[in-house]
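Structural description and commentary
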Amino acid sequence: MEKIWTEKYRPHVLDDVYGQERVIDRLKAYVGKGTLPHLLFAGPAGTGKTTSAIALSKEMYGDQWKAAFFELNASDERGIDVIRNKIKEYARTTTISQRGFKIIFMDEADSLTSEAQAALRRTMEKYSNNCRFILSCNYSSKIIDPIQSRCAVFRFRHITDENVQRWIDHIAAEEDLNISEEAREMLVRLSEGDLRRATNLLQISASTTDDITGEVVRESANIARPQDIEDLIVSAMKDEFVVVRKKLDKLLIENGLSGGDIIKQIHKSIYNVPMDNWMRMKLVEKIGEAEFRMVQGSNERIQLEALLAHFALDVDR
Amino acid sequence: MPSFDNDENEPTDWTEKYRPTNLDEVVGNGDAKKKLVRWANKWGKGKPKKKAVILAGKAGIGKTSAALALANDMGWEVIEMNASDQRNREAIQEVVGRSSTEDTFSPDGEFIPYREGKRTLIILDEADNIFGKEDFGGVQEISQVISQTEQPIVLIANDYYSLRRRSRNLSDKLQKIDFKPLNKPDIAVLLRDICKEERIGYDVDALKAIADRSDGDVRSAIRDLQSVAIGSEHIKMEHLDVLGYRNREAEIFPSLRTILQGIDPHSSREVMFEINEEPRNLITWIDENIPREYTGSEELIKGFDSLSKADVFLGRVYSTQYYRFWSYATDFMSAGVTLAKKHPHHGFRKYAFPTWIRKMTASKSKRSIRYSLSKKIAKYTHATTDRITMEVLPYFQHLFVTDIDFRRNMVDELELNRGEAAFLLSTDPSSKDVISLYQEEPMVETKVEDKKEKKEKKDQKSLLEF
């Protein structure tokens, strides 16, 4: 097991992309005609947006695809100017494919502010004679209208449980794994329609044994998605604040999570921690408020502390 | 290709980098060192009456260093167990029991039959922590191991008496060797030597202040030195501010008490003007101490809520460069925090200097390694760096640790450097596991490797870690 399975099993051709039949049919039509408009892929994580973009390029350009496909990650680049320069440089290089255009794939386009998107739009116009853009995002509504109207919009759905299961079985067959019924159900449930997560979980499970039981999956899930956040919540509900803060610092410093990550995970995990429903909704409001303030503030830790202080609301310290 | 930048081979943590190799280099504690050598020499002639010693004394004064240096001087192998290891009965039996009565194995896993004469020093670090609930049976186990052992054992503890209270039977089997806090001039001299080695300029006063603050804890002194040395070529008194030094505490604590104990918002605002400190530093002091004074949940909520508003204004200052917002920020962090309570607080509660900045400085290199690592994995798997850090890194690390083929292949494909590999293995870039990953590379490296081999000896890593 020397590779990362998400790469080992990433489909090379559009036909092998799971669970997005309608999208794939249309993409194949573009390949057939050899033309491409700008595309906007919208949908949750792990549903095949990046995979489809890569597979599309491979089918369009064959062996030459790497030269004709440029991948950018909006949330990883430092600002729109950096992005524009990179695009400029790539678009300018003359190796034009037989198709007459190259593809620029930009992941997480919705992480750009609307000003940055406006700048991006001008860049798209400027290079549209020899570049096609595929923008990928979680929510198309966060993409400004002028960009949307220039793109063919494709919606990627959550992968259905059935398809997640097929995917798991597919890998299991390739890797000679024995997966118990309980384990399969757990894998499907924990993946939440996200094939990347399913694949990662399966790989960790398989790293210890070929006979994958529910217990193995449970242990693996703890590695892949540490329970630290739930632990933090529970601690905030009962422990002294200095203790809670130590745990928070560990997440921020040792695990390197950003304040935004932690807030997001607190929101997600709060439904797994037993508490009064009414109190939970109050806390959800506080979580949202904390995220809002974090965007404006300067010190993420202070905002997280302010949030965690609320968790002990009904408890005598 | 994996890069071989020389500096990546050096431990980035100065407390590791400057860990003494020989007992002579261990600063201070002359008596303790003599006792230790005497005890070790007895092992050369057979078995001493007390087969285990316990090095007792507060943190950071060279106990572990002395034990490792002793082993190096004697040419002994080392097996080290830390408090972080699972120390249940079985684990101890497995490692200490076997290695001490039958064969020993060297750090790279080779067996050394003990009759061939080479000793293995068993180091049980943080031995006073061994007796928690989860370590049920640990005491008796160690006691038994000491009775049976054919190999020298060193226990290390901060609090000898808590151990003695727990088990007389155990403590009777130990020869106690006391380690004392180092005196300040010794520490200052050591700091000076490090500065010279690192080619960093210094003001003598600044080094004295660090030594003074350390209270004889040489490790914390070195750590402080490294924290202030990052990014500066000359260490001056004012750089020490970031560490929250004593004199600073004396200045700021009374003002903090006005804010956190009083109920008069006007006084709180006033003391803010007296402290000569930027609001963004000031807020960390208040932040650090709110939970030390506000223990009721309502006070805590209101206090932090006010602080969070202050932080929002600070954020606005930075995003707009409009410094008038500072005054709102300081109002919230002073008067606002004061008004979180209805009644004044009395009595003395211990305040602390802000740990946050210090923690962030100390973890800087580690965080940057994690970032570069996440970035490489992100590129390789077509995902975002954030998502990798959050979801994939722990799983990647698990596979990297458990699966040697995966490890080798990923080092190659992602072009991981030694620092990154060491990070994933939770070890040092100069450890055997990391070096072996790069060994099949061209010959150019052999010279460096040889030098590393020596270093190896002092970087003894617990076998249990893997």
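What counts, and at which threshold
- Residues numbered from 1 in each chain as written.
- Chains lettered and ligands numbered in written order.
- Predicted model: local features only at pLDDT ≥ 70, side-chain atom pairs only at ≥ 80, totals over all residues.
- Heavy atoms only, no water.
- Axes fitted to C-alpha atoms, helices over the stretch in contact; angles between N-to-C directions.
- Helix = DSSP H or I, 4+ residues; strand = E, 2+ residues; numbered from the N terminus.
- Parallel < 35°, antiparallel > 145°, perpendicular 65-115°, else oblique.
- Contact = heavy atoms within 4.5 Å.
- Nonpolar A, V, L, I, M, F, W, Y, C, P; charged D, E, K, R; others polar.
- Expected span 1.5 Å × (residues − 1).
- Buried < 20%, exposed > 50% of the residue type's maximum accessible area, 1.4 Å probe, protein only.
- Arc of directions from axis to C-beta.
- Phe/Tyr/Trp six-rings, centres within 6.5 Å; stacked < 30°, edge-to-face > 60°.
- Buried area = accessible area lost by both parts, 1.4 Å probe.
- Salt bridge = Lys/Arg side-chain N within 4 Å of Asp/Glu carboxyl O.
- Polar contact = N/O pair within 3.5 Å; in protein donor to acceptor, adjacent residues only side chain to side chain.
- pLDDT = per-residue confidence, 0-100.
- Left-handed = near helix turned anticlockwise from the far one by under 90°.

**Thoughts on the packing of helix H12 (residues 228-238) of chain A against helix H14 (residues 259-269) of chain A**
Residue and element names in this part refer to chain A. Remark: H12 packs on H14, axes separated minimally by 9 Å, with the N-to-C direction vectors making an angle of 75°. On the basis of their axis angle, the class for H12 and H14 is roughly perpendicular. Every residue of H14 that contacts H12 at Ile229, Glu230, Leu232 and Ile233 is listed here: Ile262, Gln265, Ile266 and Ser269. By residue class, the composition of the contact of H12 with H14 is five nonpolar, two polar and one charged.

**A word on helix H5 (residues 79-92) of chain A**
All names here are of chain A. Taking 1.5 Å as the rise per residue, H5 with 14 residues should run 20 Å; its terminal C-alpha atoms sit 20 Å apart, in good agreement. Listed in full, the buried residues belonging to H5 are Ile80, Ile83, Ile87, Tyr90 and Ala91. In a view along the axis of H5, the buried residues occupy a sector of 95°, so they form one face of it. Of the exposed residues in H5, the ones pointing more than 90 degrees away from its buried face are Glu89 and Arg92. If you follow the buried residues of H5, they end up packed against helix H4 (65-68), strand S2 (69-73), strand S3 (102-107), helix H6 (114-126) and strand S4 (131-137).

**Quick notes on the packing of aromatic side chains**
The geometry of an aromatic ring pair is captured by the separation of the ring centres together with the interplanar angle, meaning the angle of the planes. Counted under the stated rule, the structure contains 23 aromatic pairs over all chains. A centroid spacing of 5.8 Å and a plane angle of 50° characterise the contact between A:Trp65 and A:Phe69, whose relative ring orientation is tilted. Among the residues examined, A:Trp65 registers a relative accessible area of 16% and is labelled buried. Residue class for A:Phe69 comes out buried when judged on its relative accessible area of 9%. Seen from their ring centres, B:Phe253 and B:Trp285 are 6.0 Å apart, and the 75° between their planes marks the pair as edge-to-face.

**Regarding the interface of chain A and chain B**
A common measure of how large an interface is: the accessible area buried when the components associate. Contacts between the two partners involve 56 residues from chain A, matched on the other side by 51 residues from chain B. The largest share of the area that chain A buries against chain B comes from A:Ile4, A:Ile253 and A:Ile302, three residues that together contribute 13% of it. Across the contact surface, chain A and chain B share eight salt bridges. One salt bridge in this structure joins B:Glu288 and A:Arg245, with 3.3 Å as the shortest N-O distance. Across the contact surface, chain A and chain B share 21 residue pairs in polar contact (both at pLDDT 80 or more). In the side of chain A that touches chain B, the residues fall into 20 nonpolar, 17 polar and 19 charged.

**What to know about the confidence of the model for chain B**
All names here are of chain B. Across chain B, the average pLDDT comes to 80, with 80% of residues at or above 70. Ranking the helices and strands of chain B by mean pLDDT puts helix H16 (residues 325-338) first, with 94, and helix H23 (residues 446-458) last, with 44. Taken together, the stretch residues 1-8 has pLDDT below 50 and engages in 16 contacts with residues farther than four places along the chain or on a different chain. Counting interchain partners and residues more than four positions distant, the pLDDT-below-50 stretch residues 442-466 has 44 contacts.

**Side note on the pattern of salt bridges**
Under the counting rule described, the total for this entry stands at 41 salt bridges over all chains. A salt bridge links A:Glu192 to A:Lys268, with the nearest nitrogen and oxygen atoms 4.0 Å apart. With A:Glu192 in the loop between helix H9 (181-191) and helix H10 (195-208) and A:Lys268 in helix H14, this residue pair connects regions lying 76 residues apart in the sequence. According to the relative accessible area criterion, A:Glu192 is partly exposed, its value standing at 47%. The partner of A:Arg301 in a salt bridge is B:Asp287, with the nearest N and O atoms 2.9 Å apart. Linking A:Arg301 in helix H16 (residues 300-310) with B:Asp287 in helix H14 (residues 279-293), this pair reaches from one chain into another. Taken as a pair, A:Arg301 and B:Asp287 share a single burial class, namely buried. Via salt bridges that share partners, A:Arg245, A:Asp249, A:Arg301, A:Glu305, B:Asp287, B:Glu288, B:Arg292 and B:Lys359 belong to a single interconnected network.

**Notes on unusual backbone geometry**
Residue and element names in this part refer to chain B. Positive phi is not limited to glycine here, since Gln321 has a value of about 60°. As for its position among the elements, Gln321 is in the loop between helix H15 (297-320) and H16. Of note in this structure, His382 is not a glycine but carries a positive phi near 55°. By secondary structure assignment, the location of His382 is in the loop between helix H18 (364-380) and helix H19 (385-402).

**Observations regarding the packing of H5(A) against H6(A)**
Residue and element names in this part refer to chain A. Between H5 and H6, the least distance of the axes is 10 Å, while the angle of their chain directions is 15°. By the angle between their axes, H5 is roughly parallel relative to H6. The way H5 lies across H6 gives a crossing that is right-handed. Judged by residue contacts, Ile80, Arg84 and Ile87 of H5 engage Ala116, Ala119, Leu120, Arg122 and Thr123 from H6. Among the residues making up the contact of H5 with H6, the classes are represented as five nonpolar, one polar and two charged.

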